[in-house]
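# Summary of the model geometry
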Amino acid sequence: MLHRTLIPLLLLHVLSACNAQAPSVVDVGGVPPTDWSVLPEDTLPSGPDLAVGDTRDSGVPDAPMDATPDAGKDSSSDVLPDSVFDALPDSVPDVVAEVLEDSGGQDTEPDLCVPDCGGKQCGPDGCGGSCGICPDDGDPCTGVACHGGLCELFEVVGPPCEEPIPVVTLTYDVVVAGAGAGGVAAALEAARLGMSVALLEETDWLGGQMTAAGVTSMDEASTNRESGLYAEFMGHVQDHYAALGKPLGTCYWSNQTWCFEPHVGRDILAQMIASEPGIDLFSRTRVTAVDSQWIGGHPTVIGVQALQVAPSPIQYDLAAEVTIDATEAGDLLALGPAGYRAGKHTDATLTPSDCVQDITYTAVLRKYGGGVPPSLWMASPPPGYTAAVLAHFQSIVTTGGADWISGPNDYPASWLTHVGYRGMPDSAGGAYTSSQPGLITRSGVNWANDFPLTVGQLDPAQRKVAWCAAKLRTLQFLYYVQHDLGQTQWSVANDEGYDSPYNLEENLCDEIPAAFKEIEARMPVIPYVREGRRLIGLTTVTGSQIKRESQCAGCPPRAAETFPDALAIGDYPVDLHACNGNGDLELTLENTSDVPAGFVSGPFQVPYQVFVPATVDGFLVAEKNLSVSRLVNGAVRLQPISMLTGQAAGAIAGFSVLRGESPRQVPPVLLQDHLVDLGCRLAVQSFQDVPRSHPAWEDVQLVAARGIMNGYSDLVFGVGDPLLRKEAAAVLVRAFDLPMVP
């Protein structure tokens, strides 16, 4: 019988022959959370040459002292066959021969222990020896460890063995980042001009603030109801509800408003995109880098890199002639070479603590006639439901509050006033209008639940904290509705489709307890972001330039200043949600005196130059990312104008590619002529003698928008009047920008 001290030497030889360094591991065989990538110390031999805990050349690191085999492990899984132990060395190494010689080949101690390996492939034999050593399996991304006396496979964790993300290189005419109202419109317009378009969206919803954020009450003053892609989209919405016998006038306490359910708007946008074969939609894909080169004396964006997160990771390298930032927060501006503003500073002097407008994590509420499903009932208050939060909610809406439909708009408002504010048609319910709030069964939460935001929180690495805090504020309001207001039939709608893979896999918040996860899963996939980064373009439109005032007796208010290169018309008042004092504004551009008293709406123009960077080629912006001041952002951030400015950006991109020139070189008059052909209004005047049905409507829009012919007043163009010689001369000078003779 061999001397017991030979056992460690034999093991040392075998382990040295394997010479495999144990990597970091994760268990794949149902092993408990103990780190079984190492052997328990009592499986390591002791003796003069290799003491307990000494792993020299063995390739096996130390294990925790409390590691124990799992007696209940199913030995049929991931167990190596006995044949793997056949390849042990045939010869005895010299160091073993030396010990044999020293001991005379005889045991020097009586055999006091009987080894017991009982079917074990590895591990201790009960006598200080081992039942076997697990060999290296030869795969660099797996290993073998002893567990319960059996050799089991484990996976290596680390860069050498991570599955490489495939890289796909594609080329398009136009890349549009962000599939909100503006991004979808930009993609549609470019595709209809014959462009190949990549439309990237990091969620799995279309429509951005309009649908993915649940803001489906259209914020407009009726100026653009027949304009361009907005009119086309809303025409499909009207057709949907007309087929169900239901009106759209369910919000803002007026039967003349336009409102719809988020999933209806999303589905219509999807149908519009599907009708354009030139558009490739990349869902759950976010831009990670903006590629640019110095071309023709300008830094030029030549494409983007984007990561698809699901259903499987793919890295896209997308080359494009023109790239459009239509994200909700101007994310490409932060990645690319174009200058931008955020808060009251430019990118050269960004201040993370600067405020921007509040965000709102909205919710779609449904009235459950048979009672709220148990999983959607808030039995206890959510975290942060403090006395201060309660007092804030009570200041906005309360039992016995003011009825804004029949009385003055006083605070706090009644619950029915709140329901009528963001009421939606209900495809699964009855028919009603906003003047019948008691009948409304579907409405939005977008009033008492605003939440502050800073410039620093626009950063994708930081924004989820703010997003989750805003979401929690809305959960607090829902608890207030169910308990303090006693509205026991209301909770989040469970049929809007917000419980999407993106929402469930990427968007849930650790701060929200498990008791509320069913509710959270049915909240919108993004918050309503009112303000992000804003381009520094060829010009920056400021508050004084869109200040709405009447320009003639009996004429409706409109902006005094006009832009001869206008590509879209807005009409919403300046509306900043918080962060609206002089100390929050860019005082080199504007101040609060540029805002008219009251909530004044009326037409204003959005010029071509706000889409184009001051110095960068190959790049445009849409959505809320235009080159405007903070006050003007408060008027161009709404859904209808976002869709129309998106269409304008798509037109610039398409004409740029068609003409083989940079966006800054495209003559605006060509874009204007194209857009009025598509029914886009461009003039601020409301000529009553030239309605849309008039055969000269397009021509009048073009000459009035460019300031060539302005009519007698905002109401009368004089379309049938003869043109005097001096008037003709003035028209020629304005049309061709001729010099005036002194």
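Throughout this description, residue numbers start from 1 for each chain and increase along the sequence as written. Totals for whole chains, interfaces and linings use all residues, but because this is a predicted model, local features are given only for residues with pLDDT of at least 70 and pairs of side-chain atoms are given and counted only at 80 or more. Side-chain calculation: all heavy atoms of the structure are included, whereas hydrogens and water are not.

### Concerning the overall build of the protein chain
Note on conventions: DSSP H or I runs of at least 4 residues are helices, E runs of at least 2 residues are strands, and numbering of each starts at the N terminus. When helices and strands are tallied, the protein chain shows 16 helices and 23 strands. Buried, partly exposed and exposed residues are distinguished by accessible area as a fraction of the type maximum, computed with a 1.4 Å probe on protein chains only: under 20%, between the cut-offs, and over 50%, respectively. Taking all 742 residues of the protein chain together, the buried fraction comes to 52%. Contact between two residues is taken to exist if any of their heavy atoms lie within 4.5 Å; hydrogens are not considered. Excluding contacts between residues fewer than 6 apart, the proportion of contacts in the protein chain whose partners are at least 24 apart in sequence is 73%. The Shrake-Rupley method, run with a 1.4 Å probe, gives the accessible areas here. Residue values count only the displayed protein chains as cover. Surface summary for the protein chain: the accessible area is close to 30,600 Å², and the carbon and sulfur share equals 54%.

### Regarding the side chain of Lys 624
Relative to the assigned elements, Lys 624 resides in the loop between strand 23 (619-621) and helix 12 (630-636). Throughout this description, a polar contact denotes any pair of N or O atoms lying within 3.5 Å of each other; where both atoms belong to protein, one of them has to be capable of donating a hydrogen while the other can accept it, and for residues adjacent in sequence the pair is counted only when both atoms sit in side chains. Of note is the side chain of Lys 624, whose polar atom sits 2.8 Å from the side chain of Gln 209. When residues no more than four places from it in sequence are discounted, the contact partners of Lys 624 are Gln 209, Glu 328, Val 529, Arg 530, Glu 531, Arg 533, Arg 534, Asn 633 and Arg 637.

### Here's the deal with the side chain of Asp 219
For Asp 219, the position within the fold is in the loop between strand 5 (197-201) and helix 4 (228-244). Comment: no salt bridge for buried Asp 219; closest opposite-charge side chain is Arg 422, at 4.3 Å. Beyond its immediate chain neighbours, meaning those up to four positions away, Asp 219 contacts Tyr 252, Arg 422, Tyr 572, Leu 638, Gln 639 and Pro 640. Counting rule for charge: Lys and Arg are taken as positive, Asp and Glu as negative, and neither His nor the chain ends is counted. Between Lys or Arg on one side and Asp or Glu on the other, a salt bridge is scored when a side-chain nitrogen of the former is within 4 Å of a carboxyl oxygen of the latter.

### A short note on the state of the cysteines
Disulfide assignment relies on a single distance test, namely cysteine sulfur atoms paired within 2.5 Å. All told, the structure shown has eight disulfides when counted by the stated rule. For Cys 134, the disulfide goes to Cys 151, at an S-S distance of 2.1 Å. Because the torsion about its S-S bond is -90°, the bridge between Cys 134 and Cys 151 counts as left-handed. Of this pair, Cys 134 sits in the loop between helix 2 (94-103) and strand 2 (142-147) while Cys 151 sits in strand 3 (residues 150-156), and the two are 17 residues apart along the sequence. Here Cys 134 and Cys 151 have matching classes, each one buried.

### Some thoughts on the nonpolar core
One finds Phe 233, Ile 324 and Phe 611 to be the most contacted residues of the largest nonpolar core, which totals 163 residues. If you tally residues by element for this core, the top one is helix 9 (residues 460-484), at 11 residues. Aside from chain neighbours lying at most four places away, what touches Phe 611 is Leu 535, Leu 567, Val 606, Phe 619, Leu 620, Val 621, Leu 626, Thr 645, Ala 648, Ala 649 and Ile 652. Core analysis: the second largest hydrophobic core is formed by eight residues, Ala 683, Val 690, Trp 697 and Ala 704 among them. To form a nonpolar core, buried Ala, Val, Leu, Ile, Met, Phe, Trp, Tyr and Cys residues must be joined to one another through side-chain atoms within 4.5 Å.

### Description of unusual backbone geometry
The omega angle of the peptide bond from Ala 310 to Pro 311 is 10°, so this bond is cis rather than trans. Within the secondary structure, Pro 311 sits in the loop between strand 8 (298-308) and strand 9 (314-325). Backbone torsion omega between Tyr 411 and Pro 412 reads -5°, so that peptide bond is classified as cis. One can find Pro 412 in the loop between strand 14 (397-402) and helix 8 (415-421). At Ser 222, a position not held by glycine, the phi torsion is positive, near 75°. Overall, the relative accessible area of 44% leaves Ser 222 in the partly exposed class. For Glu 623, which is not glycine, the phi torsion reads 55° and is therefore positive. Mapped onto the elements, Glu 623 comes out in the loop between strand 23 and helix 12.

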